[in-house]
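Each chain, written out:
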Protein chains: 2
Amino acid sequence: MKTFEEKLNDYAKLISEVGIGCQKGNKIMIRTSTETIEFARLIVKNLYELGAEKVVVDISDESIIRMNFENESKESLSEVPDYIVQKAKYAGEEGYGRISITGGNPELLKGIDSEKIEASNRAFGLALKDTMKYTMNDIVSWCVAGASTKAWAKKVFPDLDEEEAVRKLWEKIFFVTRMDEDDPVQKWRDHLDTMAKHADWLNEMQFDRLIYKSSNGTNLTVGLPKGHKFIAGDSKNAKGQTFIANIPTEEVFSCPDCRRIDGKLVATKPLSYGGNIIDNFSFEFKDGKVVSFKAEVGEEVLKDMLNQGEGANTLGEIALVPYDSPINNSKVLFYNTLFDENASCHFAFGKAYPTCVENGENMSNEELKELGVNDSLIHVDFMVGARDLEIVGVKEDGEEVKVFENGNFAI
Amino acid sequence: MKTFEEKLNDYAKLISEVGIGCQKGNKIMIRTSTETIEFARLIVKNLYELGAEKVVVDISDESIIRMNFENESKESLSEVPDYIVQKAKYAGEEGYGRISITGGNPELLKGIDSEKIEASNRAFGLALKDTMKYTMNDIVSWCVAGASTKAWAKKVFPDLDEEEAVRKLWEKIFFVTRMDEDDPVQKWRDHLDTMAKHADWLNEMQFDRLIYKSSNGTNLTVGLPKGHKFIAGDSKNAKGQTFIANIPTEEVFSCPDCRRIDGKLVATKPLSYGGNIIDNFSFEFKDGKVVSFKAEVGEEVLKDMLNQGEGANTLGEIALVPYDSPINNSKVLFYNTLFDENASCHFAFGKAYPTCVENGENMSNEELKELGVNDSLIHVDFMVGARDLEIVGVKEDGEEVKVFENGNFAI
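Residues numbered from 1 in each chain as written. Chains lettered and ligands numbered in written order. Predicted model: local features only at pLDDT ≥ 70, side-chain atom pairs only at ≥ 80, totals over all residues. Heavy atoms only, no water.

1. Some remarks on the overall build of chain A
Here's step 1: Counting secondary structure elements, chain A contains 14 helices and 21 strands.
Here's step 2: A compact globule built from 411 residues should have a C-alpha radius of gyration of about 22 Å, and chain A, at 20 Å, falls within 12% of that.
Here's step 3: Seen along its three principal axes, the alpha-carbon backbone of chain A occupies a region of about 55 × 50 × 45 Å.
Here's step 4: Counting all 411 residues of chain A, 58% fall into the buried class.
Here's step 5: For chain A, the proportion of contacts with a sequence separation of at least 24, taken over those separated by at least 6, is 76%.
Here's step 6: Summing over all exposed atoms, chain A offers an accessible surface of approximately 16,700 Å²; the carbon and sulfur share of this is 45%.
Here's step 7: Side-chain charges of chain A comprise 49 positive and 70 negative groups, with the mean position of each set lying 1 Å from the other. (Helix = DSSP H or I, 4+ residues; strand = E, 2+ residues; numbered from the N terminus. Rg over C-alpha atoms; globule rule 2.2 N^0.38 Å. Buried < 20%, exposed > 50% of the residue type's maximum accessible area, 1.4 Å probe, protein only. Contact = heavy atoms within 4.5 Å. Areas by Shrake-Rupley, 256 points an atom, 1.4 Å probe, with all protein chains shown as cover. Lys, Arg positive; Asp, Glu negative; His and termini not counted. Charge placed at Lys NZ, Arg CZ, Asp CG, Glu CD.)

2. Quick look at the nonpolar core
Here's step 1: Ranked by size, the top nonpolar core spans 232 residues in total, and within it Phe39 and Phe382 of chain A together with Phe39 and Phe382 of chain B carry the most contacts.
Here's step 2: Aside from chain neighbours lying at most four places away, what touches Phe382 of chain A is Leu265, Ala267, Leu271, Phe281, Phe283, Leu315, Cys345, His346, Phe347, Ala348 and Phe349 of chain A. (Core = buried A, V, L, I, M, F, W, Y, C linked by side-chain atoms within 4.5 Å.)

3. Here we look at the interface of chain B and chain A
Here's step 1: In this assembly, 31 residues from chain B lie in contact with 31 residues from chain A.
Here's step 2: Contact with chain A buries area across many residues of chain B, yet Arg41, Tyr48 and Tyr83 of chain B alone supply 24% of it, more than any other trio.
Here's step 3: The interface formed by chain B and chain A holds four salt bridges in total.
Here's step 4: A salt bridge links Glu72 of chain B to Lys54 of chain A; its shortest N-O distance comes to 3.6 Å.
Here's step 5: Linking chain B with chain A are 14 residue pairs in polar contact (both at pLDDT 80 or more).
Here's step 6: Listed by contribution, the elements that provide at least two residues to the side of chain B that touches chain A are strand E1 (27–33), helix H2 (37–49), strand E2 (54–60), helix H3 (62–71), helix H4 (74–77) and helix H5 (82–93) of chain B.
Here's step 7: Along the lines of polarity and charge, the residues of the side of chain B that touches chain A split into 15 nonpolar, seven polar and nine charged. (Buried area = accessible area lost by both parts, 1.4 Å probe. Salt bridge = Lys/Arg side-chain N within 4 Å of Asp/Glu carboxyl O. Polar contact = N/O pair within 3.5 Å; in protein donor to acceptor, adjacent residues only side chain to side chain. Nonpolar A, V, L, I, M, F, W, Y, C, P; charged D, E, K, R; others polar.)

4. So, the sheet that holds strand E17 (residues 346–350) of chain B
Residue and element names in this part refer to chain B.
Here's step 1: Strand order across the open sheet formed by five strands is E7-E11-E16-E17-E18, with antiparallel pairing between neighbours. Among the strands making up the open sheet, the edge pair consists of strand E7 (231–232) and strand E18 (379–383).
Here's step 2: Of the strand pairs in this sheet, E17 and E18 are connected by five bridges, and their pairing is antiparallel. Its bridge partner lying in E18, Phe347 is registered against Phe382.
Here's step 3: Strands in contact with helix H10 (residues 184–205) are E7, strand E11 (252–254) and strand E16 (315–320); relative to E11, the strand with the most contacts, it is inclined by about 40°. (Pairing = 2+ DSSP bridges. Axes fitted to C-alpha atoms, helices over the stretch in contact; angles between N-to-C directions.)

5. Quick word on helix H11 (residues 299–306) of chain B
Here's step 1: Within the sequence span of H11 of chain B, burial applies to Val301, Leu302, Asp304, Met305 and Leu306 of chain B.
Here's step 2: Looking at the buried side of H11 of chain B, the elements it contacts are helix H6 (114–127), strand E13 (271–273), strand E14 (276–286), strand E15 (289–297), E17 and E18 of chain B.

6. Remarks on the environment of Gly275 of chain B
Residue and element names in this part refer to chain B.
Here's step 1: Relative to the helices and strands, Gly275 is located in the loop between E13 and E14.
Here's step 2: As for Gly275 and Val18, which are separated by 257 residues in sequence, their C-alpha atoms are 30 Å apart.
Here's step 3: For Gly275, the contacting residues outside a window of four places in its chain are Pro106, Glu107, Leu108, Leu109 and Lys110.

7. Observations concerning the relation of the copies chain B and chain A
One copy of the chain maps onto the second through a rotation around an axis plus a translation along that axis.
Here's step 1: Overlaying chain B with chain A gives an RMSD of 0.0 Å, the required rotation being 180° about an axis along which the chain moves by 0.0 Å. Given the turn and translation reported, the copies of this chain are related as if by a two-fold rotation axis. In terms of proximity to the rotation axis, the leading residue of chain B is Tyr83 of chain B, whose C-alpha is 2.6 Å off the axis.
Here's step 2: Mapped onto chain A, 100% of the interface residues of chain B are again interface residues, and the two copies thus contact each other with one and the same surface. (Least-squares fit on C-alpha atoms with pLDDT ≥ 70 in both.)

8. Examining helix H1 (residues 4–19) of chain A
Here's step 1: Buried residues of H1 of chain A: Phe4, Lys7, Leu8, Tyr11, Ala12, Leu14, Ile15, Ser16, Val18 and Gly19 of chain A, and no others.
Here's step 2: Phi turns positive, to about 65°, at Gly21 of chain A, one or two residues after H1 of chain A.

9. Topic: the state of the cysteines
Here's step 1: For the structure on display, the rule yields zero disulfides over all chains.
Here's step 2: Between Cys143 of chain A, a free cysteine, and Cys22 of chain A, which holds the nearest cysteine sulfur, the sulfur-to-sulfur gap is 12 Å.
Here's step 3: Judged by relative accessible area, which is 1%, Cys143 of chain A ranks as buried.
Here's step 4: A disulfide-free cysteine, Cys345 of chain B has its sulfur positioned 15 Å from the sulfur of Cys356 of chain B, the nearest such atom.
Here's step 5: Given a relative accessible area of 1%, Cys345 of chain B falls into the buried group. (Disulfide = S-S within 2.5 Å.)

Laid out in structure tokens, this is it:
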């Protein structure tokens, strides 16, 4: 039985060695908040032990971000000084690997005027659009991983006291990232192999479209681009180094043809977006676009999200996750997309990963558009997995093949 | 009797209202470490209450800085990406007021190769030389203030346990910043008036040179430039807004003629420079330059400091502080220049404040040089005050006037 400290260090090691895949001479940039600074220090230590040449850490503070939004005007919050763009450009050009430690308060911006949030998100999205390619196209390695914090833990376990909640959330993170195992790195390698097999099978099938059905009302047909690729688990950066973009990761994902999405789609988990919760929501699609939507909680926030310019009201990611994933089996609703999306089949509104079509990373925006690969300022995942979800793949010649049955892979 | 929380809030308010002098519509940038983040949040709150339009907070982490220096090469530590320079430029051009919260571990970089520290300091000094003018020339408001931290408190009170030490250091900070008083803002205004009178008197005298003598061996003659100005307490930025650059501040300061410094100068307090302690040190000057020096502790660090290029081995600041200042009377050795320099007459090696000569802020580098106003990448204060320090002012016609007697102003 490993101690808490051993698991914590194994987890930092996994992120450093397997997640970002740090090798001798690599440069890494880490995003953390003050709440997760202790865990960030542990990662820094591990990165240097692996031979990192340079580690740069960007620290934000959620209390201060909240005060910024409470007190500043929409204009002030939408101002993006050039040095911020220059920094992102520098990190990309110099090949910095990017680690993001997530663990924020899922309701950090609750009660803030949603117009302010949307304006700020849009301004930063626009300013950083060009530099997003470094991670979206896997030019550099990147890895998003979670760390327990007070505000997050209290949202997940409201009945526990703060300290207990933080500890319990850590234990859940360790469980879903396989840190309880004796040799977590080997367990990860096995897990990545299984996912790769699913991806290979889907790539061989080259379905023209997938049809989603569930008793909750979901009845959606999603076209897939010609030459689409399903990706799972690990990726390679432009220099051929392997990394895992999400820890945990349970998804086999690709991009839809954003002009061929039709029918009804019902979300099955709440979504924390821009510091607000959106819950009990659903959409009607026609010819790829949302034609109507509703949400019992956070409808205004959802509306602002879908209005963030071209490509924001159609899908850019399709991801298959077994209902019986460790995260779902943990029975915890994380209110954090990294965890909840890896517990459930999901889609994302907004930008698609160009790597999801053959040679996509080398295509122009026009070429990608011709294939139906969506472009947008945003990329927001949301969850649709269900116990009785069925997915049928339809080939170009009309042949139908079962892909998902009772929420899990049928293959 | 005010509670701890009341004093803490009064102190944050003093820094916001009187220190940086925040007015409606101002933009402020704050530098803090993770250790002082709670106090930084309190300042942010106060700034917004005063009507700040925008507050940007830069957060560093000392544990990570230490790991950077332990693990990275001299070359890596000396790399200054352009976005850092762009940020400093942006802050200056946009008129951001700058608050620095000091409170770091005085021995953060103990045991690190001093060549690494010097190379890094020099690289950043060079890269940011042009943007230093915004604060050095009072173009924008700026304010340095302290906050108690574990590592600092344990250095000051090694015999107390951590929590007690932090609390006691806060109490000392409150005492020396007059937070124990019922109306600290009024006490500050009275204090600034007294200092202004000393400065006015010195400016009227327009001494050609000052002669320092003490039983510890100090026997130094320091020339003063024609048209020099002694400055005390508050300053005005380019827009005419008042601010206090240091809290606490007890000094009446100007710049020496860096070509006319001769004799022996003995430091009377240790100096924390670049994360290392220098102690029991002294210098011989001839024609403005250090011709020999020694230090019982940190001689290598001192040597590297004096070798940081032109102007590093001569003086750029001369400051008069009564021996009976509240800080000295607190009987605490702070190992932090902000506090120790305001407890003691001091000098600084390196760059002079151009505002210390008439119209200096509008002069070219050449014009300043002609007056003997020093220029350098560094600006490092060190303490020379003593119980028996005597300072005699000599006018151009040879008339001698007592300025300091038994460590205090003789006027």
